[in-house]
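# Tertiary structure, described
As a plain string of letters, each chain reads:
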Amino acid sequence: MRTKTSVGIVMLLLCVVISTNGLASAGHGNQAIKKVGILLVAFGSSEASAQVSFENIDNKVKAAYPDIPVRWAYTSHIIREKLAKQGKHLDSPEVALAKMVDEKFTHVAVQSLHTIGGAEYHDLRKTVGAFKSLGGFQKVILGYPLMASQEDMVRTVDAILATIPKERKENEAIVLMGHGTHHPSNAFYAALMFQLQLKDPNIFVGTVEGYPEVDLVKELMLKKKIKKTYLMPFMSVAGDHAKNDMAGDEEDSWKSILTKAGIECVPVLKGTAEFDEFVDIWVDHIRGPLSHFR
Ligand code: CO
């Protein structure tokens, strides 16, 4: 799933904002007035179960940066439409940033809540770039997703090892379900599996929409004569993919495919953002943009 950014909409909104408020002068010699903000950007989810993740991130960000106002945006148009029908209004990153220009923010840290720097992350980068060149803010900088550097990979491996079910025995597997993408960054998933297996050879990483596919994960587990596995989403929220593609009763769900291969499956419906070990990585990444605002 992905959404397109619309630089046209951004420009239109910004022109309206700048012309009605006379903010075009915001960047000229007005250095004394500094208003810093954080914009958290997620794909979004309409599942009630996913709200735990978002609330956890919101609380941790506000605790880490208590003096900085925090705003939210969802990149998914479909999710925003669904939520609007329930009376919940979420902004796109473009609209959220235009509103922040209107509110006279001068420095904005846009923090991606994505897992990898894939297609959605790069769409967000384009949006942030458009706001940079239009000059609505003095500075607007995008923070990295969960896994960007090798240091992030190490922290992510540690976070996974710390959050797998305590009752799991060594000869039982853990299968993580990543989203996957056509974007070159999809390589992160196999790289993560490699680094995980250096520490625990029975942890596997597959994806719904990329490589490695569930069939490969199944083959690897059969080779190791695995009889039981825990299934966990490697996505910030336990939303639609976790509930249906991973743990659903449909014939093509991971649970069905692996059960049919003789592997007992125990789904764990918790998104990574429900665990502090992962959230801390995103929260720390906000320090990157903020360090440029001094
Ligand atoms: Co999807």
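Bear in mind that the values here come from a model prediction, so they are computed numbers and not experimental data.

Only His-179 (NE2) and His-241 (NE2) from the protein reach the cobalt ion as donors, at distances of 2.0 to 2.1 Å. One end of the pair, His-179, is in the loop between β5 (173-178) and α7 (187-199); the other, His-241, is in helix α9 (residues 240-246), and 62 residues separate them in sequence. Judged on exposure class, the residue His-179 and its partner His-241 are both buried.

On to the packing of helix α6 (residues 150-163) against helix α11 (residues 276-285). Where α6 meets α11, the closest approach of the two axes is 8 Å, and the angle between their N-to-C directions is 155 degrees. The pairing of α6 with α11 is recorded here as roughly antiparallel in orientation. Across from Asp-152, Arg-155, Thr-156, Ala-159, Ile-160, Ala-162 and Thr-163 in α6, the residues of α11 making contact are Glu-277, Phe-278, Asp-280, Ile-281, Asp-284 and His-285. Residue classes in the contact of α6 with α11 are distributed as five nonpolar, three polar and five charged.

In this section: the side chain of Ser-46. Relative to the helices and strands, Ser-46 is located in the loop between β1 (36-42) and α2 (51-64). On the basis of relative accessible area, Ser-46 is assigned to the buried category, the value being 18%.

Between Tyr-211 and the following residue, Pro-212, the backbone shows a cis peptide bond with an omega angle of -5 degrees. Counting through the fold element by element, Pro-212 comes out in the loop between β6 (203-207) and α8 (214-223). Phi at Lys-104 takes a positive value of approximately 65 degrees, unusual for a residue other than glycine. When you line up the elements, Lys-104 lands in the loop between α4 (93-102) and β3 (107-112). The exposure class assigned to Lys-104 is partly exposed, which follows from its relative accessible area of 47%.

At a minimum axis distance of 10 Å, the contact between α4 and helix α5 (residues 119-134) shows a crossing angle of 25 degrees. Comparing their axes, α5 and α4 come out roughly parallel. In this structure, the crossing between α4 and α5 has a hand that is right-handed. Of the residues in α5, those in contact with Pro-93, Glu-94, Leu-97, Ala-98 and Val-101 of α4 are Leu-124, Thr-127 and Phe-131. Of the residues belonging to the contact of α4 with α5, the class tally is six nonpolar, one polar and one charged.

This part covers the sheet that holds strand β7 (residues 228-233). The four strands lie next to each other as β6-β5-β7-β8, forming an open sheet whose pairing is parallel. Each edge of the open sheet carries a strand with a single partner, namely β6 and β8 (264-267). Here the average twist between neighbouring strands, direction ignored, is 25 degrees. The pairing of β7 with β8 spans four bridges and is parallel.

Spatial ordering of the open sheet is given by β2-β1-β3-β4, a layout of four strands whose pairing is parallel. In this open sheet, the two edge strands, each paired with only one partner strand, are β2 (70-74) and β4 (139-143). Each neighbouring strand pair of the sheet contributes to a mean axis angle of 20 degrees, computed without reference to strand direction. Bridging between β1 and β2 involves five bridges; their strand directions are parallel. Among the inter-strand pairings, Ala-42 is bridged to a residue of β2, identified as Tyr-74. α5 contacts β1, β3 and β4 of the sheet and is inclined by roughly 170 degrees relative to β4.

Rules and cut-offs
Residues numbered from 1 in each chain as written. Predicted model: local features only at pLDDT ≥ 70, side-chain atom pairs only at ≥ 80, totals over all residues. Heavy atoms only, no water. Donors = N, O, S within 2.8 Å, 3.2 Å for Na, K, Ca; no water. Helix = DSSP H or I, 4+ residues; strand = E, 2+ residues; numbered from the N terminus. Buried < 20%, exposed > 50% of the residue type's maximum accessible area, 1.4 Å probe, protein only. Axes fitted to C-alpha atoms, helices over the stretch in contact; angles between N-to-C directions. Parallel < 35°, antiparallel > 145°, perpendicular 65-115°, else oblique. Contact = heavy atoms within 4.5 Å. Nonpolar A, V, L, I, M, F, W, Y, C, P; charged D, E, K, R; others polar. Left-handed = near helix turned anticlockwise from the far one by under 90°. Pairing = 2+ DSSP bridges.

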